[in-house]
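# Summary of the model geometry
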Amino acid sequence: MLYFYFIFNFKKIFNKFNIMKLINSEKLYQRSVKTLVGGVNSPVRAFKSVGGNPLFIESANGTFIKDVDGNEYVDYVLSYGPMIIGHVHPQVQEFVVKTLEKGYSFGATSENEAILAELVCSAFPTMDKIRFVNSGTEAVMSAIRLARAFSGKNKIIKFSGCYHGHTDALLVEAGSGLATLSMPGSGGVTQASVQDTLIAKYNDIASVEKLIQEHEGIGAIFLEPIAGNMGVVVPTKAFIEGLNRIRKQHNILIVADEVMTGFRSCFGGAQELLGLETDITCLGKVIGGGFPVGAYGARAEIMDRVSPLGDMYQAGTLSGNPVAMAGGIATLTVVKEENPYAFFNDYAQKLSEGMLGFAKEKGVPLQVNRFGSMMNPFFSENPIQNYEDAKKCDTQKFASFFWKMLEGGMYLPPSQFEAWFLNTQLNDATLNKTLEVFKNSI
Ligand SMILES: *Cc1c(COP(=O)(O)O)cnc(C)c1O
């Protein structure tokens, strides 16, 4: 049975590749799938929405990633964001190894924690103090508790299509239209844990105002300042201004989930570029440079509610791990020195204009959304401004496009709804190669 399954899948994959070998990946997948759920430790890695089985990675260096069959790709996944200066950067490598040699974990504060805290707080004017945790999910989960403790109100608003990690209260999708009573978006999430979560529509300030009129006790609005988990969706000016107005008028906290956007479009948060006024900020991804780090921060008045100073309890055995902090410190130091944001913008602009040009030539409907070092193409005739727009994209077309791009040496996120990420080690050669492969794939 397994044997036939193997042959079937192998043929399916082999048909997709004339030149490329994926034999070792396939073998490792067949082995892993017996003991790892779906052969992966995070569902986005499973290639489910593009068909076929995931690649297994051997190593990565600079802007390239290599699979276990020796195929090398330009990496536009970058571990879903963190590797902003490319893989195994010499400065990061040196500092991490030096730190590692002094011990792995102490259960006590070390200097690295203070250094990274200063680096991050200095880049976010809205953050006097910060608490490090181990993932973006943990940061958001803690921010919910803090927002409730500080505001004294339980209800929170989130936007459909925004992802905030897998914490119960935000694992909710809006039903059709604007459901006021939200339905859990996952097995095991109880009605009770989402009963205080209200769903609004991204880029639609009227949908937020409606919820505020209909419900008492709304303490906070959670959002991705640039949405990146329905594909990249940029907020309109009116949406940002509306949120700023609501924050003041109704005394509602704005929680910026910058786990993806933090340090991706400027040295700091997208909130500053956009003029979004915020109260609590969540971080992850880039601030660990590839190591497990998350964080939440705010002005002192809010953060002083967190234990040991305040009554909001939150803790972590490995929080602020010195080696993970070292990865973050070195990464942010390089980013600060290089100030790559003009380069990112230029690269993204050239790539997006090139792609739109080729798509037009071939008569393929395409939209490219981008902001800083995040971008992605949507197979759609219409502009993508929210989740409802994004869901109308041709995911079938994306799937075959994905495999063609892979065959040409481009490692893209295996979903129409994941952002492509840029790193500082891309150059004209990778740009031209990407466009050439795009032209053939489209
Ligand atoms: C990735 C992400 C998270 C979750 O972070 P994890 O480290 O995967 O737990 C939360 N919010 C946003 C906006 C993200 O992109």
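Criteria and cut-off values
Residues numbered from 1 in each chain as written. Predicted model: local features only at pLDDT ≥ 70, side-chain atom pairs only at ≥ 80, totals over all residues. Heavy atoms only, no water. Domains from an automatic or database assignment. Contact = heavy atoms within 4.5 Å. Buried area = accessible area lost by both parts, 1.4 Å probe. Salt bridge = Lys/Arg side-chain N within 4 Å of Asp/Glu carboxyl O. Polar contact = N/O pair within 3.5 Å; in protein donor to acceptor, adjacent residues only side chain to side chain. Helix = DSSP H or I, 4+ residues; strand = E, 2+ residues; numbered from the N terminus. Nonpolar A, V, L, I, M, F, W, Y, C, P; charged D, E, K, R; others polar. Pairing = 2+ DSSP bridges. Axes fitted to C-alpha atoms, helices over the stretch in contact; angles between N-to-C directions. Near = heavy atom within 4 Å. Areas by Shrake-Rupley, 256 points an atom, 1.4 Å probe, with all protein chains shown as cover. Expected span 1.5 Å × (residues − 1). Buried < 20%, exposed > 50% of the residue type's maximum accessible area, 1.4 Å probe, protein only. Phe/Tyr/Trp six-rings, centres within 6.5 Å; stacked < 30°, edge-to-face > 60°.

Domains assigned within the chain are domain 1 (2-87 + 339-441) and domain 2 (90-338). Here the C-alpha centroids of domain 1 and domain 2 sit 26 Å apart. Counting from both sides, the interface comprises 32 residues of domain 1 and, opposite them, 36 residues of domain 2. Of the roughly 2700 Å² buried at the junction of domain 1 and domain 2 (both faces included), carbon and sulfur atoms supply 64%. Counting the contacts that link domain 1 with domain 2 gives zero salt bridges. Where domain 1 packs against domain 2, one counts eleven residue pairs in polar contact (both at pLDDT 80 or more). Of all the secondary-structure elements, those providing two or more residues to the side of domain 1 that touches domain 2 are α12 (341-362), β13 (367-371), β14 (374-378) and α13 (387-390). Sorting elements by how many residues they give to the side of domain 1 that touches domain 2 places β14 first, with four residues. Classifying every residue of the side of domain 1 that touches domain 2 gives 20 nonpolar, nine polar and three charged.

Sheets are built from strands paired through backbone hydrogen bonds, the pairs being either parallel or antiparallel. Pairing within the open sheet is antiparallel, and its three strands lie in the order β13-β14-β16. Two strands bound the open sheet, and with one partner strand each, they are β13 and β16 (420-421). Bridge analysis of β13 against β14 gives five bridges, and the strand direction is antiparallel. By the bridge assignment, glutamine 367 is partnered in β14 with phenylalanine 378. Most of the contacts of α12 go to β13, to which it runs at about 175°, and overall it touches β13, β14 and β16.

Close contacts around the ligand come from Ser135, Gly136, Thr137, Tyr163, His164, Gly165, Glu224, Asn229, Asp257, Val259, Met260 and Lys285, and that covers them all. Residue glycine 136 places a main-chain N or O atom 2.9 Å away from an oxygen atom belonging to the ligand. Burial of the ligand by the protein amounts to 83% of the accessible area it has alone, namely 380 Å². Broken down by class, the residue content of the shell around the ligand amounts to three nonpolar, six polar and three charged.

Okay, helix α4 (residues 111-123) next. The terminal C-alpha atoms of α4 lie 19 Å apart, and with 13 residues this matches the ideal 18 Å at 1.5 Å per residue to within 8%. Within the sequence span of α4, burial applies to Asn112, Glu113, Leu116, Ala117, Leu119, Val120, Cys121 and Ala123.

What follows is about the sheet that holds strand β8 (residues 197-200). In spatial order, the strands read β4-β12-β11-β10-β9-β5-β8; together these seven strands make up an open sheet with mixed pairing. Pairing within the sheet leaves two strands with one partner each, and these edge strands are β4 (129-133) and β8. Across the sheet, the mean angle separating the axes of adjacent strands is 20° when strand polarity is ignored. Looking at chain direction, strand β9 (residues 218-223) and strand β10 (residues 253-257) are connected through four bridges and run parallel. Opposite phenylalanine 222, over in β10, you have valine 255 as the bridge partner. Contacting β5 (155-159), β9 and β10, helix α8 (residues 237-250) crosses the sheet at an angle of about 160° to β9.

What follows is about the environment of tyrosine 29. Structurally, tyrosine 29 is set in helix α2 (residues 23-32). According to the relative accessible area criterion, tyrosine 29 is buried, its value standing at 9%. Spatially, the C-alpha atoms of tyrosine 29 and proline 54 are 7.3 Å apart, while their sequence positions differ by 25 residues. With residues near it in sequence (within four places) discarded, tyrosine 29 still touches Gly38, Gly39, Asn53, Pro54 and Phe56.

Attention shifts here to the packing of aromatic side chains. In this structure the tally under the stated criterion is 17 aromatic pairs. With 5.3 Å between their ring centres and 90° between their planes, phenylalanine 47 and phenylalanine 402 make a pair best called edge-to-face. In this pair, phenylalanine 47 is assigned in the loop between α2 and β1 (57-61) and phenylalanine 402 in helix α14 (residues 395-407), connecting sequence segments 355 residues apart. Phenylalanine 402 matches phenylalanine 47 in its accessibility class, with the two residues each being buried.

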